[in-house]
Amino acid sequence: MRKIQMVDLQTQYQFIKPQVDAGIQEVLSSAQYINGPAVKTFQTNLEQYLGVKHVIPCANGTDALQIAMMGLGLKPGDEVITADFTFAATVEVIALLGLSPVLVDVLPDSFNIDPDAIEKAITPNTKAIVPVHLFGQVADMERIMEIATKHKLYVIEDNAQGIGANFTAKDGTKTKTGGIGHVGSTSFFPSKNLGCYGDGGAIFTNDDDLAHIIRGVVNHGMYTRYHHDVVGVNSRLDSLQAVVLNEKLKLLDYYNERRKWAAIRYTQLLNDHPKIETPVTSGDCDSHVYHQYTLKIIGADRDALVQHLQQNDIPCGVYYPIPLHLQKAYADSRYNEANFTVTNQLVKEVISLPMHSELDEEQIQFICATLRSFLD
Ligand SMILES: *Cc1c(COP(=O)(O)O)cnc(C)c1O
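Residues numbered from 1 in each chain as written. Predicted model: local features only at pLDDT ≥ 70, side-chain atom pairs only at ≥ 80, totals over all residues. Heavy atoms only, no water.

1. Here's the deal with the sheet that holds strand S13 (residues 293-297)
Then comes step 1: Spatial strand order, S12-S13-S14: 3 strands in an open sheet with antiparallel pairing. On the outer flanks of this sheet lie strand S12 (276-277) and strand S14 (350-353), each paired with one strand and no other.
Then comes step 2: Summarising the sheet, S12 and S13 pair through 2 bridges and their orientation is antiparallel. By the bridge assignment, Ile276 is partnered in S13 with Ile297.
Then comes step 3: Its contacts with the sheet put helix H9 (residues 252-270) on S12, S13 and S14, and the angle it makes with S13 is roughly 20 degrees. (Pairing = 2+ DSSP bridges. Helix = DSSP H or I, 4+ residues; strand = E, 2+ residues; numbered from the N terminus. Contact = heavy atoms within 4.5 Å. Axes fitted to C-alpha atoms, helices over the stretch in contact; angles between N-to-C directions.)

See below:
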């Protein structure tokens, strides 16, 4: 059996090595390391794939979120509502820009932001909502967009874990995540569903004016060379990463199908166990791209299980072990524990199993048998 890894990027690379190596060699020979043709090609390819008018590549997913908020012109003191149960980058950039983060609870089944909690948290200072498509599953965008329209709020989708997932509206129309709200962001960190071989990110929007503003923000606030109209940042995707992304974008749907297959096998092998709750898909079958496959362990010692798996050379992850509202950097006396009952519980129960496009049947069976042997 091949060694089990959380993500198996070596095996994945072997399948695309000739194309990637040739593309990298071309960049090296051309010396167009920054803003070379591969970056422009990737931008166009991703626009087509996502069905959005504008993709603006940048340096990483955290920058992408920050730049989206800068582009919307959010000002210090503006309140931005996001989920208590997510990776810290989401709340970090809100705080960094001097905006006021408002963390709210998530739903127990989907792990995604709770629309009722969003509505309760809205004040006259609220300017934006940042739903995260956590673990690859589309947040409840129907409700979130309704709330945003009603209260005139921006929606910034943190799509770092959800690229390739589809949101199906009530009337049946499908939209790829990242293109539903006013602006979306993603990360191309190597372990993401569409990952490069270093850092990378992108911002998406269908709004021409916002796209124009953002193209300046990523480039030192320049719209005309050496004229700095706004305070910007330097955030670029380099040509070598764009080569990798162009190759991997062609395979993204295949990669996501492979993840779905692995998720289905895990669920088949685990869902009858009384101490295991397998993940729930709230939408249709293309609403989840399984960035993570996350179980809830009920009535057993989750941390001891983590150790048991590790002793058997099975890596696993606890995403996330501490609610953001309890992190030192983001604690706030306004928060009331009674409003975070779901997140406070999830942090004790969740465990994410190895999940990637190269998992095979033998590995999945071994992982499930090892897990069950601990819980039985
Ligand atoms: C990975 C991730 C980010 C940050 O992306 P980087 O490219 O590492 O900066 C932001 N939000 C979420 C939900 C993520 O998973």
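2. Description of the packing of helix H2 (residues 37-50) against helix H8 (residues 239-250)
Then comes step 1: One way to put it is that H2 packs onto H8 with a least axis distance of 8 Å and a crossing angle of 35 degrees. As H2 packs across H8, the resulting crossing turns out to be left-handed. Judged by residue contacts, Ala38, Val39, Thr41, Phe42, Asn45, Leu46 and Tyr49 of H2 engage Ser239, Ala242, Val243, Leu245, Asn246 and Leu249 from H8.
Then comes step 2: In the contact of H2 with H8, the residues fall into 9 nonpolar, 4 polar and no charged. (Left-handed = near helix turned anticlockwise from the far one by under 90°. Nonpolar A, V, L, I, M, F, W, Y, C, P; charged D, E, K, R; others polar.)

3. What to know about the nonpolar core
Then comes step 1: Ranked by internal contacts, the top residues of the largest apolar core, which has 34 residues, are Ile81, Phe85, Val104, Ile118, Met141 and Ile144.
Then comes step 2: When contributions to this core are tallied by element, the ones reaching two or more residues are strand S2 (79-83), strand S3 (100-104), helix H5 (115-121), helix H6 (141-151) and helix H11 (341-349).
Then comes step 3: Split by domain, this core shows at least three residues from each of two domains, domain 1 (9-250) and domain 2 (252-375).
Then comes step 4: Apart from the residues within four sequence positions on either side, Val104 is in contact with Ile81, Thr82, Ala83, Asp84, Ile113, Ala117, Ile118, Ala121 and Phe340.
Then comes step 5: Counting 25 residues, the second largest nonpolar core, distinct from the first, contains Val52, Val55, Leu194 and Val244. (Core = buried A, V, L, I, M, F, W, Y, C linked by side-chain atoms within 4.5 Å. Buried < 20%, exposed > 50% of the residue type's maximum accessible area, 1.4 Å probe, protein only. Domains from an automatic or database assignment.)

That's the geometry; what it means functionally is another story.
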